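Take a look at the letters that make up each chain.
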Amino acid sequence: MSDTLDAGVRPPDERLTEKSLTARLLVRPEVGALVGAIGVYVLFFVVAEPFRGLDALATILYASSTLGIPAVGVALLMIGGEFDLSTGVAVTSSALVASMFSFQLTANLWVGIAVSLLVALGIGWLNGYMVIRTGIPSFLVTLAMFLMLQGLNLAVTKIITGNVASPNISDMQGFGSAQKIFAQEWSVGGASLRISVLWWLLFVAAATWVLLRTRVGNWIFAVGGAAHSARGVGVPVNRVKIGLFMTVSALTWFTGMNLLFSFNSIQSGEGVGNEFLYIIAAVIGGCLLTGGHGSAVGAAIGAFIFGMTTQGIVYAGWNPDWFKFFLGAMLLAATLLNLWVRRRAEVSK
């Protein structure tokens, strides 16, 4: 009798088993970064009184947006299984091209902006094409591009202007309209809110929609997870990867325009090292170095952690000689916390 009952009882189908809310949250790549961000915010809220003001929040958001906008593209690229080490100097290159092209030809600034965008997209296309065509790892291809752009930024700027900075463009035709789009400021409760913060949130929302709601998003995850298998089922791997490199370039161009119209000029040696900050923000936000996993929201939270850390150390009045140490410690702690959350999620599956 018992054998008959046992034979008639089937084990529950794991696919139909409802997971707990905690388990569903833990599988999200940005959860670890969110927990880390809360921890960093509480720390500086307690130890630094100036950190609690609205002015401080506006400053943090602006610092986060200048890192967060390129980090959105870098996150998408990392999900697709590739890296771009040329992003930091590419931001500077975009600003230099826009300002010097218009200045030297006495053209409307919008002409220089358009030419700069075309140059940026061309750099992204070349990075992607070289990776696809040669099979050389993107780490090496974009490292070479980083060195070439760094040299061009310095050498060409000196040849054209005679110094290491672009000319002041504040009195040129088209400056006012361009500044409204790329670097406008508003006073909110006595604090200065930059338009780059709103653009940052818009780019994060758009990237999240693409990743989670479109066929292209599925392709990006597939290409990063298993490119050969994705190609076997009809995913246009080459076009997806080149498109991701060009997306990164478009967002670095936008960041370059923000910096140019915020300060009216730009130093040709700026941007070196920022490429690692973009990658760090993406990694803290849950992007795997192996590809196929991550989110734009997570990269945004990672950039916010970085913004809070850089400004929080200043507001706390800590010895600036320890700046890099505290910064590294905060980023490492957030990364380890993200790793712990991901492992908990794997156990909860």
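Rules and cut-offs
Residues numbered from 1 in each chain as written. Predicted model: local features only at pLDDT ≥ 70, side-chain atom pairs only at ≥ 80, totals over all residues. Heavy atoms only, no water. Patch = residues over 30% accessible without salt bridge, like charges linked within 9 Å, V, L, I, M, F, W, Y side chains within 5 Å. Areas by Shrake-Rupley, 256 points an atom, 1.4 Å probe, with all protein chains shown as cover. Salt bridge = Lys/Arg side-chain N within 4 Å of Asp/Glu carboxyl O. Helix = DSSP H or I, 4+ residues; strand = E, 2+ residues; numbered from the N terminus. Buried < 20%, exposed > 50% of the residue type's maximum accessible area, 1.4 Å probe, protein only. pLDDT = per-residue confidence, 0-100. Contact = heavy atoms within 4.5 Å. Core = buried A, V, L, I, M, F, W, Y, C linked by side-chain atoms within 4.5 Å.

Student: Honestly, a nonpolar patch on the surface in this entry has me stumped. Any pointers?
Tutor: Taken together, Leu-34, Ile-38, Tyr-41, Val-42, Leu-43, Phe-45, Val-46 and Val-47 make up a surface patch of nonpolar side chains, about 670 Å² in accessible area. Take Phe-45: it is sitting in helix H3 (residues 31–47). The partly exposed category is assigned to Phe-45, whose relative accessible area is 35%.

Student: Would you mind going over the confidence of the model for the protein with me for this structure?
Tutor: Parts of the prediction with low pLDDT should not have their coordinates interpreted in detail. In the predicted model, the protein carries a mean pLDDT of 87, and the fraction of residues at 70 or more is 88%. Within the protein, the element-level pLDDT minimum falls on helix H1 (residues 2–8), averaging 48, and the maximum on helix H6 (residues 109–134), averaging 97. pLDDT under 50 marks residues 13–17. Its contacts with residues more than four places away, or in other chains, come to 0 contacts.

Student: For this particular structure, what's the right way to read the pattern of salt bridges?
Tutor: Side chains that differ in sign of charge can pair as their charged atoms come close. Under the counting rule described, the total for this entry stands at 2 salt bridges. When the shortest N-O distance is used, the salt bridge between Lys-241 and Glu-82 registers 2.5 Å. With a gap of 159 residues between them, Lys-241 in helix H12 (residues 237–263) and Glu-82 in the loop between helix H4 (54–79) and helix H5 (87–104) connect regions that are remote in the sequence. Taken as a pair, Lys-241 and Glu-82 share a single burial class, namely buried.

Student: Can you walk me through the nonpolar core in this structure?
Tutor: Where a protein is soluble and globular, its nonpolar side chains tend to be buried together. The biggest cluster of nonpolar side chains holds 60 residues, and the ones touching the most others in it are Phe-182 and Phe-261. Looking at which element gives the most residues to this core, the answer is H12, with 11 residues. Beyond its immediate sequence surroundings of up to four residues, Phe-182 is in contact with Trp-110, Ile-113, Ile-195, Trp-253, Phe-254, Met-257, Asn-258 and Phe-261. Listed in part, the 13 residues of the second largest apolar core include Ala-37, Val-40, Ile-284 and Ala-316.

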